[in-house]
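# Examination of the molecular architecture
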Amino acid sequence: MNMLRLNNIHKKFNHLEVLKGISLEVSQGEVVAIIGPSGSGKSTLLRCLNRLEVIDQGTIEIEGEILATEDTEGKCQYVSEQKAREICFKMGMVFQQFNLFPHMTVIDNIIEAPMLVKGIKKDIIIPEAEELLKKVGLFEKKDSYPSRLSGGQKQRVAIARALAMKPDIMLFDEPTSALDPELTGEVLKAMRQLALEHMTMIVVTHEMAFAREVAQRVIFMDNGDIVEEGTPEQIFNNPQQPRTQAFLKSML
Ligand SMILES: Nc1ncnc2c1ncn2[C@@H]1O[C@H](COP(=O)(O)OP(=O)(O)OP(=O)(O)O)[C@@H](O)[C@H]1O
Ligand SMILES: [Mg+2]
């Protein structure tokens, strides 16, 4: 089943065309890594998926439900606010900057959205949140404030927080690039675990080793386009496009 279908997505910021007709399908349980140079549109693409940015043209379909599509004149139309929100709840997002609430403990950070947005009762969500904290190896930090955590720990809380909403698709935007190298491993481990549990994941990353090991498909973006995609084996060992070859060489 297709979890996500994008057709011909265009996005401009003023006169700058940042996405130039992106089409992409992601199936259930698939892990897709997106790589590419700075400014190529990777973050914008993820942000368009869950409506942090609005597209100008194209179709976005999540689990068979249309979020945005073109009318007969080719103008992009979004579904109703209520419907769009429902659809976007199917996706959890983890950013480079963890965006935890500093005035709330770890556990409160995790239960906030399920309680507030989904109306889940505290006695139901607390055990679920504790399970998630065990899963990312942070149960003993449940009553700590974010300021007392390392970057890697904060990011694992951010992952648990996204999972508490029970998403079907997880979007990661360079989740380890703000971390000291010795802390990236613990975050990648939590992500690897999610992949093993067949979570559908789209991961924008500079971690080529992680992309190679965990992703089933690697997408190389440059200048608002998908230049090349394939298995990690194809992209890393035998890239066909000169731009992919040059990028990979620069990453060595
Ligand atoms: N809100 C915005 N307003 C104007 N321009 C923007 C905005 N957000 C992004 N851009 C521009 O869009 C282009 C793509 O940015 P984007 O953040 O998607 O790139 P990226 O591939 O994620 O890069 P990086 O690897 O550095 O994170 C860049 O030229 C950027 O300056
Ligand atoms: Mg980015």
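Up top you'll find the structure we're talking about.
Residues numbered from 1 in each chain as written. Chains lettered and ligands numbered in written order. Predicted model: local features only at pLDDT ≥ 70, side-chain atom pairs only at ≥ 80, totals over all residues. Heavy atoms only, no water.

### Describing the nonpolar core
Note the threshold: Here, the term nonpolar core denotes a set of buried Ala, Val, Leu, Ile, Met, Phe, Trp, Tyr and Cys residues that are joined through side-chain atoms within 4.5 Å. For every residue, the accessible area (1.4 Å probe, protein chains only) is compared with the maximum for its type, and the residue is labelled buried under 20%, exposed over 50%, or partly exposed between those bounds. Helix and strand assignments follow DSSP, with helices taken as H or I runs no shorter than four residues and strands as E runs no shorter than two, numbered in order from the N terminus. Whether two residues are in contact is decided by their heavy atoms: any pair within 4.5 Å suffices.
One finds I35, I159, M170, F172, M191 and M201 to be the most contacted residues of the largest nonpolar core, which totals 49 residues. Among the elements that take part in this core, helix 6 (residues 181-196) stands out by supplying seven residues, more than any other. In this structure, M201 is in contact with E30, V31, V32, M170, F172, M191, L194 and A195, ignoring residues within four places of it in sequence. Residues I22, V32, M93 and L171 belong to the second largest nonpolar core, which totals 31 residues.

### Some details on the site of ligand 1
Definition in use: Whether a residue is near a molecule or strand depends on its heavy atoms: it is near if one of them lies within 4 Å of it. Pairing of N or O atoms within 3.5 Å defines a polar contact, subject to two protein rules: one partner must be a possible hydrogen donor and the other a possible acceptor, and residues neighboring in sequence count only if both atoms are side-chain atoms. Using the Shrake-Rupley algorithm and a 1.4 Å probe, accessible areas are obtained, with residue cover drawn only from the displayed protein chains. Gly falls in the polar group here, along with every residue not listed as nonpolar (Ala, Val, Leu, Ile, Met, Phe, Trp, Tyr, Cys, Pro) or charged (Asp, Glu, Lys, Arg).
The immediate surroundings of ligand 1 are formed by F13, L16, V18, P37, S38, G39, S40, G41, K42, S43, T44 and E174. Within the backbone of G39, an N or O atom sits 2.8 Å from an oxygen atom of ligand 1. The side chain of E174 places a nitrogen or oxygen atom 3.4 Å from an oxygen atom of ligand 1. Alone, ligand 1 offers 640 Å² of accessible surface; in the complex the protein occludes 60% of this. When residues of the shell around ligand 1 are traced back to their parent elements, those giving at least two are strand 2 (16-27) and helix 1 (42-49). The element best represented in the shell around ligand 1 is helix 1, accounting for three residues. Looking at the shell around ligand 1, its residues break down into four nonpolar, six polar and two charged.

### Looking at the pairing of strand 8 (residues 169-173)
Spelled out, the test is: When DSSP finds two or more bridges between two strands, those strands count as paired.
With five of its five residues buried, strand 8 lies for the most part within the structure. Side-chain alternation along strand 8 places I169, L171 and D173 on one buried face and M170 and F172 on a second face that is also buried. With four bridges connecting them, strand 7 (residues 91-94) and strand 8 associate as parallel partners. Following the sheet pairing, V94 is matched in strand 8 by F172. As judged from the five bridges shared by strand 8 and strand 9 (residues 200-204), these two strands associate in the parallel manner.

### Describing the sheet that holds strand 2
For the record, the criterion: Each axis is a line fitted through C-alpha atoms, taken for helices only over the stretch in contact, and angles between the N-to-C directions span 0 to 180 degrees.
Overall, antiparallel pairing links the five strands, which are arranged 2-1-4-5-6 in an open sheet. Looking at the sheet topology across the chains shown, the edges are occupied by strand 2 and strand 6 (76-78). Going across the sheet, the axis of each strand differs from the next one's by a mean of 15°, ignoring polarity. Across three bridges, strand 5 (residues 65-70) lies against strand 6 in antiparallel orientation.

### With respect to the pattern of salt bridges
The following threshold applies: Put simply, a salt bridge is a Lys or Arg side-chain nitrogen that is within 4 Å of an Asp or Glu carboxyl oxygen.
Under the definition given, this model contains 18 salt bridges. Between E81 and R85 there is a salt bridge whose closest N-O contact spans 3.8 Å. Taken together, the residues span about one helical turn, with E81 and R85 both in helix 2 (residues 81-88) at a distance of four residues. For R85, a relative accessible area of 44% corresponds to the partly exposed category. In this structure, the salt-bridge partner of R243 is D222, at a minimum N-O distance of 3.3 Å. One end of the pair, R243, is in helix 9 (residues 242-251); the other, D222, is in strand 10 (residues 217-222), with 21 residues separating them in the sequence. Take R243: its relative accessible area is 40%, and that puts it in the partly exposed class.

### Topic: the packing of aromatic side chains
As a reminder of what qualifies: Note on aromatic contacts: the rings of Phe and Tyr and the six-membered ring of Trp form a pair at centre separations within 6.5 Å, being stacked when their planes are under 30 degrees apart, edge-to-face when over 60 apart, and tilted otherwise. A ring is scored as having a charge over it whenever the NZ atom of a lysine or the CZ atom of an arginine sits within 6 Å of its centre and within 35 degrees of its normal.
Summed over the entire model, instances satisfying the criterion amount to one aromatic pair. We note K134 situated over the ring of F139; from NZ or CZ to the ring centre the distance is 5.0 Å. Residue placement shows R161 over the ring face of F101; its charged tip is 5.7 Å from the ring centre.

### Quick look at the side chain of T59
Within the secondary structure, T59 sits in strand 4 (residues 57-62). Among the polar contacts made by the side chain of T59, one reaches the side chain of T69 at a distance of 3.1 Å.

### Some words on the pairing of strand 3 (residues 31-35)
Counting buried residues in strand 3 gives five out of five residues, a clear majority hidden from the surface. Here strand 3 shows two buried faces, one formed by V31, A33 and I35 and the other by V32 and I34. Strand direction decides the pairing type here: strand 3 and strand 9, joined by four bridges, are parallel. Each bridged residue has a counterpart across the sheet, and for I34 the counterpart in strand 9 is V204.

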